[in-house]
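# An overview of the molecular structure
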Amino acid sequence: MGSLRHLSVSQQIGLLFVVLFGLLIGVTVIAFSRTLRDRSDAQLEAHERFKRDLRAVWVGAVLFWISWIAGGIVSTLLFGLVSFLALREFVTLTHTRRGDHRSLLLAFFVVLPLQYLIVAGERFNLFTVFIPVYVFLAIPVVSALGNDPQRFLERTAKIQWGIMVCVYGMSHAPALLLLDLPDYRDRGAFLVLYLVVVVAVAQIVQEAASRRLRRRPVARAISRSFSWRAWAIGAGSAALAGGLLYWSTPFKSPWGAVIMGLIAGGSGTLGEFVMQALKRDAGVRSWGGKASVTGAVGLLDRVAPLCFAAPVFFHSVRWYFGI
Amino acid sequence: MKLPEVAGLALAAVARLITGAQGHWYGAPPKAEQRIYFANHQSHFDWVLIWAALPSDLRSVTRPIAARDYWTSSRLKHWITREIFNAVYVSRQRTDDEDPLEPLMEALRHGDSLVIFPEGTRGNKVDPAPFKAGLFHLAEAFPEVPLIPAWIDNVQRVMPKGEVVPVPILCSVTFGKPLALFAGETKHGFLERARNAVMALRSVH
């Protein structure tokens, strides 16, 4: 581990991409060879789901690679696009009325681009308060001008919440790229990768653990599978993954990497749990899939844990380094 | 590539970015045959949505209907409807010696597919308004052309009547089983059946 830390940046990156794409190719080949066998319908469905997830990971890896080559501004733009698509999906599944038209326009075409512009401009103080302070006022004002009191609080709260999750939360991921950490110039992308990996590990391990353990769910009406033990196993694995990635991080000791992994992974899966509650409320099982009227692509499902974990992780890192 | 093609591709890309423009085909796969699509009508955006949901090779042979007085009133509107969409122009003022359906018949004789909104105007109710007779006359005159019902979902949220900027919200177009006129079916009966076929697609998922 220690020797890895002393490699030059470009060597580390080379190694990282070789490992990442090597793993992906391996998994894809295995998955493909398994399709050649006959299997039951349930297995087929599980396999289809796995294929969808695998495709998402491929897309993510390629995007990561592109953003690495193209630099901070382009990756900020890419995150902005993902934010846009996630918010689009969120708004589709909430009930807005005619009077919300202008506030939605404000959210999509003013708030979202401005937030990412602020990130790209490295104005971190403004970036943390822009949405919770200024947009918090602006959205209900525009909504009230829409002259429709029916379910006003509910509608406004939903729009605010969508902005908080899909724009504010998400924008903390590219903000990591631009953090000025000690001895860590030009390596922000590693921190983003670290975050994405630990969150994904927590999610996958928790899912697998809850299937094996069959514990009594904590909140059956919301999630049939969420239990505290499965959550702890997921977060613990995230901590372990974080420790293994220590060489790529700016943290001062392996323990720092472990604890950050725990924080990010744990909050990501809790965020996923919250999203499940939200889906139940909206009456859909999964944002994507056949249940949804509008054929939403299921992107929100994938990025929600990241949206919740990113701000927590971002501020933990700032606090850790005292910047 | 010429300018209208590029503009068309750009427009389709924007429509997809804003609405997703998902086409779901139940009962009739997208195919390069002559067809008449008919759908509910809630927004100016309806046509663009159907057009963007079609596979790109079907777009050039599928034509919308445009009101001549409105869509030729400025050079830009005229250019968009003529060059990008290849629209069929109809006049809203009825004159005695001219059949308002004649331009549509002409296009069908020519082998093109059409998209029509038989409600005649944009509605803002949950259910579509009663269908106008035009669909019946087309079905009568071209019995061999399949009539495909389509339900456009959510588009009224994208651009409500009176607004100009669309909000990004996912929409879908559900295409159903082809319909044909029965022998001896009355005008009223057929139009009601067609309207029900469109509404039935609302719950097909």
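Structure first, text after, so check above.
So, here is what we can say about the structure in this document. (Residues numbered from 1 in each chain as written. Chains lettered and ligands numbered in written order. Predicted model: local features only at pLDDT ≥ 70, side-chain atom pairs only at ≥ 80, totals over all residues. Heavy atoms only, no water.)

### Structural notes on the nonpolar core
The line we're drawing: We call a set of buried Ala, Val, Leu, Ile, Met, Phe, Trp, Tyr and Cys residues a nonpolar core when their side-chain atoms join them within 4.5 Å. Only protein chains enter the accessibility calculation, which uses a 1.4 Å probe; a residue is then buried when its area is under 20% of its type maximum, exposed when over 50%, and partly exposed in between. We call two residues contacting when some pair of their heavy atoms lies within 4.5 Å.
Grouped together as the largest cluster of nonpolar side chains are 109 residues, with contacts concentrated most on Ile163, Leu195, Phe251 and Phe313 of chain A. When near neighbours in sequence (up to four residues on either side) are disregarded, Leu195 of chain A contacts Leu176, Ala264, Leu306, Ala309, Ala310 and Phe313 of chain A. In this structure, Ile36, Val88, Ala107 and Leu201 of chain B belong to the second largest nonpolar core, which totals 28 residues.

### Details of the pattern of salt bridges
Residues and elements named next belong to chain A. Condition: Definition used for salt bridges: Asp or Glu carboxyl oxygen within 4 Å of a side-chain nitrogen of Lys or Arg. Each helix corresponds to a stretch of at least 4 residues labelled H or I by DSSP, and each strand to a stretch of at least 2 residues labelled E; elements are numbered beginning at the N terminus.
Summed over all chains, the structure comprises 17 salt bridges over all chains. Asp148 is the salt-bridge partner of Arg97, the closest N and O atoms lying 2.7 Å from each other. In this pair, Arg97 sits in the loop between α4 (72-92) and α5 (101-120) while Asp148 sits in the loop between α6 (124-145) and α7 (152-178), placing the two residues 51 residues apart along the sequence. Here Arg97 falls in the partly exposed class, since its relative accessible area comes to 30%. Asp148 gets classed as buried once you look at its relative accessible area, which sits at 15%. With its nearest N and O atoms 2.9 Å apart, the salt bridge here joins Arg155 to Asp100. On the criterion of sequence distance, the pair formed by Arg155 in helix α7 and Asp100 in the loop between α4 and α5 is long-range, its members being 55 residues apart.

### Here we look at the interface of chain A and chain B
Keep this limit in mind: The term buried area means the drop in 1.4 Å probe accessible area that two parts suffer when joined, counted for both and summed.
Residue-level contacts link 22 residues of chain A with 24 residues of chain B. Here chain A and chain B share an interface that buries about 1800 Å² over both sides, 59% of which is from carbon and sulfur atoms. Inspection of the region where chain A meets chain B yields two salt bridges. Residue Glu163 of chain B is joined to Arg98 of chain A by a salt bridge in which the shortest nitrogen-to-oxygen separation is 3.5 Å.

### Observations concerning the pairing of strand β2 (residues 36-39) of chain B
All names here are of chain B. Formally: The pairing criterion is simple: DSSP has to find at least two bridges between the two strands.
Burial along β2 is two-sided: Ile36 and Phe38 and Tyr37 and Ala39, pointing in opposite directions, are all buried. Alignment of β2 against strand β5 (residues 113-116), held across three bridges, turns out to be parallel. The residue of β5 that forms the bridge with Tyr37 is Val115. Relative to strand β6 (residues 147-153), β2 runs parallel, the two sharing four bridges. Note that in β6 the partner of Phe38 across the bridge is Pro149.

### Remarks on a nonpolar patch on the surface
For clarity, the cut-off: Patch definition: residues above 30% relative accessible area lacking any salt bridge, with like charges linked at up to 9 Å and the nonpolar side chains Val, Leu, Ile, Met, Phe, Trp and Tyr linked at up to 5 Å. The Shrake-Rupley method, run with a 1.4 Å probe sphere, supplies the accessible areas, and residue values consider only the shown protein chains as cover.
Where nonpolar side chains cluster on the molecular surface, the patch consists of Phe109, Val110, Leu114 and Leu117 of chain A together with Val164 and Val165 of chain B and spans about 530 Å² of accessible area. What makes Leu114 of chain A partly exposed here is its relative accessible area of 36%.

### Section: the packing of aromatic side chains
Geometrically, a pair of aromatic rings is defined through the distance of the ring centres and the angle of the planes. Residues and elements named next belong to chain A. What counts here: Here a pair means two rings of Phe, Tyr or Trp (six-membered ring of Trp) with centres within 6.5 Å. Their orientation is stacked below 30 degrees between planes, edge-to-face above 60, and tilted elsewhere.
What the rule picks out here adds up to 25 aromatic pairs over all chains. Consider the rings of Phe21 and Trp58, whose centres lie 5.9 Å apart with planes at 40°: the pair is tilted. Taken together, the residues Phe21 in helix α2 (residues 9-35) and Trp58 in helix α3 (residues 41-70) connect sequence positions 37 residues apart. According to the relative accessible area criterion, Phe21 is buried, its value standing at 18%. Judged by its relative accessible area of 26%, Trp58 falls in the partly exposed class. On the numbers, 6.3 Å between centres and 25° between planes, the contact of Phe90 with Trp161 is stacked. Taken together, the residues span a long stretch of sequence, with Phe90 in helix α4 and Trp161 in helix α7 at a distance of 71 residues.

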